[in-house]
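Structural overview for review
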Amino acid sequence: MTRTLLFTALCALSLAAGAQCKTSLPLSGIEPVKSCDPKTAACVEPQQAVIEYGKKLEGNHDPAHLNMFVQASPWRFYDPEFRILTAEELAATIKPWISQGVKRVQLVASWTGVRPESGTPSLAERVGKALGEIPVSGADGFLWIAPDGKLRTTRQAA
């Protein structure tokens, strides 16, 4: 009984504390994710799934279109070692593709098309500015890639 009361009190306090945090990111809902039980199914590593699904993304066979996979939050990009990667550094890795005919870039990364705070450019806008005239698009929430390569986003809170 005491543990239940303590747990309830802690939950109420954490919700109250969370309500005090200001953010301009409109979050809502919960997205269930099915897990794979290796005892009953042939499971695929998440990284392998992203590679396989990513091969089917729209624009992959268009030499004027570049799908750029990168890890991101609404505020930052991250390199493979999880170090912060600036928009200018990412743009520098994209520039050689532009000389090969790329005319538009899609950032295949969550939250890259959303302004994290009012007046702050999105990550896609920052990369676009660093590239100059090349349009850069990003995701308007948490990015999901389906097995057929279709993209969708959610704004889940949990």
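Scope of this entry: the structure provided in the associated data block. These numbers come from a predicted model, not from an experiment. (Residues numbered from 1 in each chain as written. Predicted model: local features only at pLDDT ≥ 70, side-chain atom pairs only at ≥ 80, totals over all residues. Heavy atoms only, no water.)

What follows covers the sheet that holds strand β1 (residues 65–69). The strand order across the open sheet formed by three strands is β1-β5-β6, and the pairing between neighbours is parallel. Here the strands that pair on one side only, and so sit at the sheet edges, are β1 and β6 (136–137). Sitting on the sheet, helix α3 (residues 87–98) touches β1 and β5 (104–108), and the angle it makes with β1 is about 150°. (Pairing = 2+ DSSP bridges. Helix = DSSP H or I, 4+ residues; strand = E, 2+ residues; numbered from the N terminus. Contact = heavy atoms within 4.5 Å. Axes fitted to C-alpha atoms, helices over the stretch in contact; angles between N-to-C directions.)

Direction vectors running N to C along α3 and helix α4 (residues 123–131) enclose 55°, while the axes themselves pass 9 Å from each other. Classified by the angle their axes make, α3 and α4 are oblique. Here α3 and α4 pass one another in a crossing that is right-handed. Contact residues: α3 offers Ala 87, Glu 88, Leu 90, Ala 91, Ile 94, Lys 95 and Ile 98, while α4 offers Arg 126, Val 127, Ala 130 and Leu 131. (Parallel < 35°, antiparallel > 145°, perpendicular 65-115°, else oblique. Left-handed = near helix turned anticlockwise from the far one by under 90°.)

Core analysis: the largest hydrophobic core is formed by 19 residues, its most contacted members being Phe 77, Leu 90, Ile 94, Val 105, Leu 107, Val 127 and Leu 131. At the level of secondary structure, the elements contributing two or more residues to this core comprise β1, α3, β5 and α4. Among all residues touching Val 105, those that are not within four sequence positions of it are Leu 66, Met 68, Ile 94, Leu 131, Ile 134, Pro 135, Val 136 and Ser 137. (Core = buried A, V, L, I, M, F, W, Y, C linked by side-chain atoms within 4.5 Å. Buried < 20%, exposed > 50% of the residue type's maximum accessible area, 1.4 Å probe, protein only.)

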